[in-house]
Amino acid sequence: MRGWARFFFFEACAWELLAFRARVRFKRNPLFNSFMELCIIGSGYVGLVSGACFAEVGHHVVCVDNDQRKVDMLQRGEIPIYEPGLEELVQRNVAAKRLRFTNSIAEGVDHGQIVFIAVPTPPQADGSVDLTYIERVAREIAGVLKPGQYRVVVDKSTVPVKTGEKVEATIRRYNHSAELDVVSNPEFLREGCAVPDLMHPDRIVIGSSSQRATDLMKRVYEPFQAPILVTDVNSAELIKHAANSFLSLKISYINAVSAICEASGADVEMVADGIGMDKRIGRNFLNAGLGYGGSCFPKDVKAFIAIAEELGVPFHLLKEVERINISQMERFLKKVREALWVLRDKRVAVWGLSFKPDTDDVRNSVAIELINKLAAEGALVTAYDPKGMGKALEYKLLAPTVRLASSPVEAVAGAEALLLATEWKEFACQDFAAVKAAMHTPLLFDGRNLLNPGTMRGMGFVYYGVGRP
Ligand code: UDX
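A. Here's a closer look at the site of the ligand. Neighbouring residues of the ligand: 19 residues in total, closest Phe188, Leu189, Glu191, Asn287 and Gly293. Contacts to the ligand include Lys240, whose side-chain N or O atom sits 3.4 Å from an oxygen atom. Arg448 places a polar side-chain atom, nitrogen or oxygen, 3.4 Å from an oxygen atom of the ligand. Top contributing element to the shell around the ligand by residue count: helix H10 (residues 233-264), with 3 residues. Among the residues forming the shell around the ligand, the class breakdown is 9 nonpolar, 4 polar and 6 charged. Counting contributing residues per domain, the shell around the ligand is built from domain 1 (3-231) and domain 2 (243-464), each supplying no fewer than three.

And the structure:
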């Protein structure tokens, strides 16, 4: 085994070992001689990965979803999303009978003393959070809670501050005898590395005003051996929006610096290294590129702006974060236009559709936005992505003129420019001599600074990065 194969093999082994150690710890710890029974409502990214990881450490988990087709698929061990390591985890735990799926909230709530809510909280037109699904689940829980049946209802979805209060009031309004505590437990997993993020979190945040609920939540998380921060419910809810907005701010900051680098001839990668070596700042999330996308950052920044506005404390800084994110794409397109002049009828290849590597998630993907902007100007775009093409077609996200290729090299055939929009490792390992030979003209626009400019230029490419000479 060589190269990446060797790397992935050892990475998989390391995960196995860590999961095994977590299971052993769980069994050996005298405080945890019994597993916990958990219910998770919503089998999307957060719900499904949480359910699988809770089961992996020994808890008995029932995941509820109102989509019967999805429930059947999951029960068979088929995963509707691409997430490294998740399929094995689900299959193993379904087989071990620690994990099962149902469409019945009654069954889930009856099973789990702790009921996690992990349903979508999509944005509304004005950027504020649509809490329809959360409210509906709260009513449904109220409808199935039996007298004397104490439950901890946990908000895992990203929700505006004070949602916990509303969830509790709603359940009590529809069920006067309900015995419950409502807790906020935001999830910080990233797509593409959701399983390791959940198995080895930096911290667990538990927002609770009840000692009984806090103790139960600590028992759920004890096997993960991560630092636990207990706060009040409002603070826990705020932590999630504040964290995601801060990370978006960090990205916009380095992207703004990349514009200054381009104007001055400095190299943003070196600047980011120099800043990031300061422990107070850190190197993570200082990668300049086409800007942030995905189903969290754009939505959460907008939501935090709306939340602050509603509370009467406008958050102008975050509006600037959004503005920089948009302008980053425009600066990149300007470079493409300057090189190709008119885009109409030009053959352009784009590598990348997913919003980031190691996921098939194409929602709010900057790559897709880029492709559609090129197509709108008349460019003949051929795109390739290792995992995202199926979902891009299924959700009809691409302009009708866009073609998809079956390999990176096929995508560049006859192209006058190659644009790299998502930093999949696969793209860095291409045979660039073959890539260049297949292209009409070797213009290379690296929107994620994945490739080495010197190497690419040495091979004859005209290389353009983001914020680097
Ligand atoms: C994010 C948060 O990281 C996670 O804690 C939260 O639970 C959900 O939202 P995710 O959206 O899966 O996770 O991806 P992430 O890796 O954070 O990247 C978000 C976007 O930022 C991507 O479009 C990525 O390309 C971009 N990004 C990230 C940069 O442009 N530069 C960076 O340095 C890092």
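B. Fine view of helix H12 (residues 297-310). Its 14 residues give H12 an end-to-end C-alpha distance of 20 Å, which sits within 8% of 20 Å, the value for a rise of 1.5 Å per residue. Counting buried positions over the 14 residues of H12 gives 10, a clear majority of the element. On its buried face, H12 is in contact with H10 and helix H13 (316-340).

C. Representation of the confidence of the model for the chain within the structure. In this model, the chain carries an average pLDDT of 94, and 93% of its residues clear a pLDDT of 70 or more. Counting contacts from residues 1-10, a segment whose pLDDT is below 50, to residues more than four positions away or on other chains yields 6 contacts.

D. The side chain of Ser128, seen in detail. Residue placement: Ser128 occurs in the loop between strand S4 (114-117) and helix H6 (132-144). Owing to a relative accessible area of 15%, Ser128 belongs among the buried residues under this scheme. Only 2.6 Å separates the side chain of Ser128 from the side chain of Asp126, close enough to count as a polar contact. Setting aside its immediate chain neighbours within four residues, Ser128 contacts Pro122, Pro123 and Ala306.

E. The arrangement of the packing of H10 against helix H11 (residues 268-276) in detail. Viewed as axis vectors pointing N to C, H10 and H11 meet at an angle of 135°, and their least axial separation amounts to 9 Å. In terms of orientation, H10 and H11 fall into the oblique class. Judged by the twist between their axes, the crossing of H10 over H11 is right-handed. Of the residues in H11, those in contact with Ile254, Val257, Ser258 and Cys261 of H10 are Val268, Val271, Ala272 and Ile275. Partitioning the contact of H10 with H11 into residue classes produces 7 nonpolar, 1 polar and no charged.

F. The nonpolar core, seen in detail. Counting residues in hydrophobic clusters, the biggest one holds 57 residues, and the most contacted among them are Val350, Trp351, Leu353, Leu370, Leu374 and Leu419. For this core, the element with the highest residue contribution is helix H14 (residues 366-376), accounting for 7 residues. Here Leu374 is in contact with Leu333, Val336, Leu343, Val348, Val350, Ala379, Val381 and Leu419, once residues within four sequence places are set aside. If you look at the next biggest cluster of nonpolar residues, it comprises 44 residues, including Ile40, Cys53, Cys63 and Ala118.

Conventions and cut-offs
Residues numbered from 1 in each chain as written. Predicted model: local features only at pLDDT ≥ 70, side-chain atom pairs only at ≥ 80, totals over all residues. Heavy atoms only, no water. Near = heavy atom within 4 Å. Polar contact = N/O pair within 3.5 Å; in protein donor to acceptor, adjacent residues only side chain to side chain. Helix = DSSP H or I, 4+ residues; strand = E, 2+ residues; numbered from the N terminus. Nonpolar A, V, L, I, M, F, W, Y, C, P; charged D, E, K, R; others polar. Domains from an automatic or database assignment. Expected span 1.5 Å × (residues − 1). Buried < 20%, exposed > 50% of the residue type's maximum accessible area, 1.4 Å probe, protein only. Contact = heavy atoms within 4.5 Å. pLDDT = per-residue confidence, 0-100. Axes fitted to C-alpha atoms, helices over the stretch in contact; angles between N-to-C directions. Parallel < 35°, antiparallel > 145°, perpendicular 65-115°, else oblique. Left-handed = near helix turned anticlockwise from the far one by under 90°. Core = buried A, V, L, I, M, F, W, Y, C linked by side-chain atoms within 4.5 Å.

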